[in-house]
Amino acid sequence: MLRMTFGAALSELRKAQKTAKGVSLYSRYVNRPLGRVFAAGAYVLGLRPNHVTLLSAAFTGGGIAAVALVRPGWALAVAVYALLVAGFALDSADGQLARLRRESSAAGEWLDHVVDCAKVTAVHAAVLVSFYRFFDLSSDAWLLLPLGFQLAAVLIFCGGLLADKLKPKPVPGAGPAAAPPPSRLRAVALLPVDYGVFCVVFLLLGSESAFLAGYTALAVAAALFLIAFTAKWFRELSATS
(Lines give C-alpha, C1' and ligand atoms only; values in the text may rest on other atoms or scores of the structure.)
Protein backbone atom coordinates (compact mmCIF):
# COMPACT_ATOMS: atom_id res chain seq x y z
CA MET A 1 0.00 0.00 0.00
CA LEU A 2 1.35 3.44 -1.01
CA ARG A 3 2.22 5.71 1.89
CA MET A 4 0.80 9.24 1.83
CA THR A 5 3.05 12.27 1.63
CA PHE A 6 3.31 14.70 4.53
CA GLY A 7 0.90 17.11 2.83
CA ALA A 8 -1.63 14.40 2.04
CA ALA A 9 -1.46 13.04 5.60
CA LEU A 10 -1.96 16.54 7.00
CA SER A 11 -4.96 17.08 4.73
CA GLU A 12 -6.46 13.74 5.78
CA LEU A 13 -5.97 14.59 9.45
CA ARG A 14 -7.85 17.88 9.05
CA LYS A 15 -10.89 15.86 7.95
CA ALA A 16 -10.77 13.50 10.93
CA GLN A 17 -10.79 15.82 13.93
CA LYS A 18 -12.69 15.09 17.13
CA THR A 19 -15.56 17.33 18.19
CA ALA A 20 -14.64 20.73 19.59
CA LYS A 21 -17.28 20.40 22.33
CA GLY A 22 -15.79 20.89 25.79
CA VAL A 23 -12.45 22.01 24.38
CA SER A 24 -10.79 25.34 25.18
CA LEU A 25 -9.66 27.81 22.54
CA TYR A 26 -6.03 26.86 23.15
CA SER A 27 -6.61 23.19 22.45
CA ARG A 28 -8.79 23.95 19.44
CA TYR A 29 -6.61 26.52 17.71
CA VAL A 30 -3.08 25.78 18.99
CA ASN A 31 -2.60 22.30 20.42
CA ARG A 32 -4.64 20.27 17.96
CA PRO A 33 -3.23 21.99 14.84
CA LEU A 34 0.32 21.54 16.17
CA GLY A 35 -0.53 17.94 17.00
CA ARG A 36 -1.70 17.44 13.39
CA VAL A 37 1.69 18.56 12.12
CA PHE A 38 3.46 16.15 14.50
CA ALA A 39 1.06 13.34 13.58
CA ALA A 40 1.66 13.85 9.85
CA GLY A 41 5.41 13.88 10.45
CA ALA A 42 5.20 10.74 12.56
CA TYR A 43 3.17 9.05 9.82
CA VAL A 44 5.80 9.86 7.18
CA LEU A 45 8.53 8.53 9.49
CA GLY A 46 6.60 5.30 10.00
CA LEU A 47 6.06 5.77 13.73
CA ARG A 48 3.20 4.07 15.54
CA PRO A 49 0.80 5.83 17.93
CA ASN A 50 2.45 4.31 21.01
CA HIS A 51 5.83 5.62 19.84
CA VAL A 52 4.36 9.12 19.74
CA THR A 53 2.88 8.66 23.23
CA LEU A 54 6.31 7.73 24.55
CA LEU A 55 7.86 10.72 22.76
CA SER A 56 5.26 12.90 24.47
CA ALA A 57 6.26 11.40 27.82
CA ALA A 58 9.95 12.03 27.08
CA PHE A 59 9.47 15.72 26.19
CA THR A 60 7.15 16.35 29.13
CA GLY A 61 9.34 14.39 31.51
CA GLY A 62 12.38 16.38 30.44
CA GLY A 63 10.60 19.65 31.15
CA ILE A 64 9.34 18.47 34.51
CA ALA A 65 12.76 17.15 35.55
CA ALA A 66 14.33 20.49 34.61
CA VAL A 67 11.90 22.35 36.90
CA ALA A 68 12.93 20.18 39.84
CA LEU A 69 16.67 20.03 39.17
CA VAL A 70 17.74 23.37 37.66
CA ARG A 71 17.81 26.75 39.39
CA PRO A 72 15.05 28.96 37.92
CA GLY A 73 16.04 31.54 35.32
CA TRP A 74 14.84 32.93 32.01
CA ALA A 75 16.74 30.38 29.93
CA LEU A 76 15.19 27.57 31.96
CA ALA A 77 11.76 29.19 31.59
CA VAL A 78 11.92 29.10 27.78
CA ALA A 79 13.33 25.56 27.72
CA VAL A 80 10.69 24.18 30.10
CA TYR A 81 7.89 25.90 28.22
CA ALA A 82 9.09 24.53 24.87
CA LEU A 83 9.41 20.98 26.23
CA LEU A 84 5.99 21.01 27.91
CA VAL A 85 4.24 22.50 24.86
CA ALA A 86 5.88 19.96 22.54
CA GLY A 87 4.91 17.14 24.91
CA PHE A 88 1.31 18.36 25.02
CA ALA A 89 1.10 18.60 21.22
CA LEU A 90 2.52 15.08 20.89
CA ASP A 91 -0.15 13.97 23.36
CA SER A 92 -2.70 15.18 20.80
CA ALA A 93 -0.72 13.70 17.91
CA ASP A 94 -0.82 10.09 19.13
CA GLY A 95 -4.61 9.89 18.92
CA GLN A 96 -4.67 11.65 15.57
CA LEU A 97 -2.04 9.28 14.21
CA ALA A 98 -4.04 6.30 15.51
CA ARG A 99 -7.12 7.49 13.61
CA LEU A 100 -5.08 8.12 10.46
CA ARG A 101 -3.50 4.66 10.59
CA ARG A 102 -6.76 3.10 11.82
CA GLU A 103 -4.87 1.59 14.75
CA SER A 104 -6.89 2.77 17.74
CA SER A 105 -6.68 0.24 20.58
CA ALA A 106 -7.59 -0.17 24.23
CA ALA A 107 -3.90 -0.64 25.07
CA GLY A 108 -2.97 2.60 23.33
CA GLU A 109 -5.73 4.52 25.10
CA TRP A 110 -4.62 3.05 28.42
CA LEU A 111 -1.00 4.07 27.82
CA ASP A 112 -2.08 7.58 26.85
CA HIS A 113 -4.11 8.00 30.06
CA VAL A 114 -1.30 6.61 32.22
CA VAL A 115 1.15 9.13 30.74
CA ASP A 116 -1.39 11.93 31.24
CA CYS A 117 -1.91 10.96 34.88
CA ALA A 118 1.84 10.85 35.48
CA LYS A 119 2.22 14.29 33.87
CA VAL A 120 -0.53 15.89 35.95
CA THR A 121 0.93 14.45 39.15
CA ALA A 122 4.63 14.97 38.50
CA VAL A 123 4.55 18.57 37.28
CA HIS A 124 3.24 19.88 40.61
CA ALA A 125 5.64 17.64 42.53
CA ALA A 126 8.46 19.26 40.53
CA VAL A 127 7.19 22.74 41.45
CA LEU A 128 7.15 21.70 45.11
CA VAL A 129 10.77 20.52 44.84
CA SER A 130 11.75 23.76 43.10
CA PHE A 131 10.02 25.81 45.81
CA TYR A 132 11.91 23.93 48.50
CA ARG A 133 15.33 23.99 46.80
CA PHE A 134 15.52 27.33 45.03
CA PHE A 135 12.80 29.80 46.09
CA ASP A 136 13.18 32.34 48.88
CA LEU A 137 9.69 31.79 50.27
CA SER A 138 8.31 34.06 52.95
CA SER A 139 6.70 31.09 54.69
CA ASP A 140 6.80 27.30 54.54
CA ALA A 141 3.04 27.49 53.96
CA TRP A 142 3.84 28.14 50.28
CA LEU A 143 4.89 24.47 50.07
CA LEU A 144 1.24 23.52 50.50
CA LEU A 145 0.28 25.34 47.29
CA PRO A 146 1.66 22.75 44.83
CA LEU A 147 0.09 19.96 46.90
CA GLY A 148 -3.32 21.63 46.73
CA PHE A 149 -2.94 22.37 43.01
CA GLN A 150 -1.90 18.77 42.42
CA LEU A 151 -4.96 17.46 44.27
CA ALA A 152 -7.32 19.66 42.26
CA ALA A 153 -5.66 18.76 38.93
CA VAL A 154 -5.72 15.01 39.61
CA LEU A 155 -9.36 15.10 40.73
CA ILE A 156 -10.38 17.07 37.63
CA PHE A 157 -8.53 14.61 35.39
CA CYS A 158 -9.79 11.43 37.07
CA GLY A 159 -13.28 12.77 37.77
CA GLY A 160 -13.79 13.83 34.18
CA LEU A 161 -12.47 10.54 32.85
CA LEU A 162 -14.72 8.50 35.13
CA ALA A 163 -17.76 10.65 34.40
CA ASP A 164 -17.26 10.10 30.68
CA LYS A 165 -16.85 6.34 31.11
CA LEU A 166 -19.87 6.00 33.43
CA LYS A 167 -22.34 7.95 31.30
CA PRO A 168 -24.79 5.64 29.51
CA LYS A 169 -23.82 4.80 25.95
CA PRO A 170 -26.29 5.44 23.09
CA VAL A 171 -28.71 2.60 22.43
CA PRO A 172 -27.44 0.48 19.50
CA GLY A 173 -29.32 1.26 16.31
CA ALA A 174 -30.78 4.48 17.67
CA GLY A 175 -28.40 6.60 15.60
CA PRO A 176 -26.17 9.40 16.90
CA ALA A 177 -27.90 12.21 18.73
CA ALA A 178 -27.64 15.63 17.14
CA ALA A 179 -24.83 17.47 18.93
CA PRO A 180 -25.23 21.20 19.60
CA PRO A 181 -22.53 23.43 18.08
CA PRO A 182 -19.54 24.02 20.36
CA SER A 183 -19.90 27.09 22.55
CA ARG A 184 -17.20 29.74 22.06
CA LEU A 185 -18.03 31.19 25.48
CA ARG A 186 -17.38 27.80 27.07
CA ALA A 187 -14.17 27.48 25.05
CA VAL A 188 -12.98 30.78 26.52
CA ALA A 189 -14.15 29.92 30.05
CA LEU A 190 -12.16 26.66 30.02
CA LEU A 191 -8.85 28.40 29.30
CA PRO A 192 -7.77 28.65 33.00
CA VAL A 193 -7.84 24.85 33.34
CA ASP A 194 -6.35 24.04 29.94
CA TYR A 195 -2.95 22.35 30.29
CA GLY A 196 -1.59 24.45 27.43
CA VAL A 197 -2.40 27.65 29.32
CA PHE A 198 -0.87 26.12 32.45
CA CYS A 199 2.38 25.62 30.51
CA VAL A 200 2.57 29.38 29.92
CA VAL A 201 3.13 30.04 33.63
CA PHE A 202 6.55 28.39 33.35
CA LEU A 203 7.66 31.27 31.12
CA LEU A 204 7.64 33.26 34.36
CA LEU A 205 10.28 31.08 36.04
CA GLY A 206 12.83 33.84 35.61
CA SER A 207 10.99 35.92 38.21
CA GLU A 208 10.15 34.30 41.53
CA SER A 209 7.35 36.75 42.36
CA ALA A 210 5.80 36.55 38.89
CA PHE A 211 5.83 32.74 38.90
CA LEU A 212 4.31 32.59 42.38
CA ALA A 213 1.55 34.99 41.32
CA GLY A 214 0.76 33.16 38.09
CA TYR A 215 0.92 29.70 39.65
CA THR A 216 -1.28 30.80 42.56
CA ALA A 217 -3.89 32.30 40.22
CA LEU A 218 -4.12 29.07 38.21
CA ALA A 219 -4.29 27.01 41.43
CA VAL A 220 -7.25 29.07 42.65
CA ALA A 221 -8.92 28.68 39.24
CA ALA A 222 -8.40 24.90 39.37
CA ALA A 223 -9.99 24.72 42.83
CA LEU A 224 -13.03 26.71 41.68
CA PHE A 225 -13.43 24.64 38.51
CA LEU A 226 -13.10 21.45 40.55
CA ILE A 227 -16.11 22.48 42.65
CA ALA A 228 -18.14 23.34 39.55
CA PHE A 229 -17.13 20.22 37.63
CA THR A 230 -17.78 17.76 40.47
CA ALA A 231 -21.25 19.24 41.06
CA LYS A 232 -22.01 18.99 37.33
CA TRP A 233 -20.71 15.42 36.95
CA PHE A 234 -22.52 14.19 40.06
CA ARG A 235 -25.77 15.82 38.92
CA GLU A 236 -25.52 14.31 35.42
CA LEU A 237 -24.68 10.81 36.70
CA SER A 238 -27.45 10.99 39.32
CA ALA A 239 -29.94 11.77 36.56
CA THR A 240 -29.01 8.54 34.74
CA SER A 241 -29.48 6.22 37.73
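Since the model is a prediction, treat every value here as computed from it, not as a measurement.

Caption draft 1: Representation of a nonpolar patch on the surface in the model. A cluster of nonpolar side chains, Phe6, Leu34, Val37 and Val44, forms an exposed patch at the surface whose accessible area comes to about 280 Å². Here the nonpolar patch takes three residues from helix α2 (residues 25-45), the largest share from any one element. In this fold, leucine 34 is placed in helix α2. Judged by relative accessible area, which is 30%, leucine 34 ranks as partly exposed.

Caption draft 2: Seen up close, the packing of helix α1 (residues 6-14) against α2. As a packed pair, α1 and α2 sit with axes 9 Å apart at the nearest point and diverge in direction by 135°. Of the possible angle classes, the one that applies to α1 and α2 is oblique. Read as a crossing pair, α1 and α2 show a hand that is right-handed. Every residue of α2 that contacts α1 at Phe6, Ala9, Leu10, Leu13 and Arg14 is listed here: Arg36, Val37, Ala39, Ala40, Gly41, Tyr43 and Val44. Tallied by class, residues from the contact of α1 with α2 come to nine nonpolar, one polar and two charged.

Caption draft 3: Representation of the nonpolar core. One finds Phe131, Phe135, Phe198, Phe202, Leu205, Phe211 and Tyr215 to be the most contacted residues of the largest nonpolar core, which totals 41 residues. Among the secondary structure elements, those contributing two or more residues to this core are α3 (49-69), α4 (74-101), α5 (106-134), α6 (144-166), α8 (195-200) and α9 (208-240). Per-element accounting of this core gives the leading share, 10 residues, to α9. The contact partners of tyrosine 215, leaving out residues within four places of it in the chain, are His124, Val127, Phe131, Leu145, Pro146, Phe149, Phe198 and Val201. Residues Leu10, Ala42, Tyr43 and Val52 belong to the second largest nonpolar core, which totals 12 residues.

Caption draft 4: Expanded view of the packing of aromatic side chains. A complete count under the given rule lists 15 aromatic pairs for this structure. Relative to phenylalanine 88, the ring of tyrosine 26 has its centre 6.3 Å away and its plane inclined at 10°; by these criteria the two rings are stacked. Of this pair, tyrosine 26 sits in helix α2 while phenylalanine 88 sits in helix α4, and the two are 62 residues apart along the sequence. Phenylalanine 88 carries the same exposure label as tyrosine 26, and that label is buried. Between phenylalanine 149 and tyrosine 215 the ring centres are 4.9 Å apart and the planes differ by 50°, which places this aromatic pair in the tilted class. With a gap of 66 residues between them, phenylalanine 149 in helix α6 and tyrosine 215 in helix α9 connect regions that are remote in the sequence. One exposure class covers both phenylalanine 149 and tyrosine 215, and it is buried. Among the aromatic residues, those joined into a cluster by ring pairs are Tyr26, Phe88, Phe131, Phe135, Phe149, Tyr195, Phe198, Phe202, Phe211 and Tyr215. Positioned above the aromatic ring of tyrosine 195, the side-chain terminus of lysine 119 is 4.3 Å from the ring centre.

Caption draft 5: Looking closely at the side chain of aspartate 91. Along the chain, aspartate 91 falls in helix α4. Overall, the relative accessible area of 13% leaves aspartate 91 in the buried class. Setting aside anything within four residues of it in sequence, one finds aspartate 91 in contact with Ser56, Asp112, Asp116 and Lys119.

Caption draft 6: Seen up close, the environment of alanine 141. Note that alanine 141 resides in the loop between α5 and α6. Residue alanine 141 is classed as partly exposed on the basis of its relative accessible area of 48%. Residues alanine 141 and glutamate 103 lie 38 residues apart in sequence; the distance between their C-alpha atoms is 48 Å.

Reading guide: rules and limits
Residues numbered from 1 in each chain as written. Predicted model: local features only at pLDDT ≥ 70, side-chain atom pairs only at ≥ 80, totals over all residues. Heavy atoms only, no water. Patch = residues over 30% accessible without salt bridge, like charges linked within 9 Å, V, L, I, M, F, W, Y side chains within 5 Å. Areas by Shrake-Rupley, 256 points an atom, 1.4 Å probe, with all protein chains shown as cover. Salt bridge = Lys/Arg side-chain N within 4 Å of Asp/Glu carboxyl O. Helix = DSSP H or I, 4+ residues; strand = E, 2+ residues; numbered from the N terminus. Buried < 20%, exposed > 50% of the residue type's maximum accessible area, 1.4 Å probe, protein only. Axes fitted to C-alpha atoms, helices over the stretch in contact; angles between N-to-C directions. Parallel < 35°, antiparallel > 145°, perpendicular 65-115°, else oblique. Left-handed = near helix turned anticlockwise from the far one by under 90°. Contact = heavy atoms within 4.5 Å. Nonpolar A, V, L, I, M, F, W, Y, C, P; charged D, E, K, R; others polar. Core = buried A, V, L, I, M, F, W, Y, C linked by side-chain atoms within 4.5 Å. Phe/Tyr/Trp six-rings, centres within 6.5 Å; stacked < 30°, edge-to-face > 60°. Lys NZ or Arg CZ within 6 Å of the ring centre and 35° of its normal.

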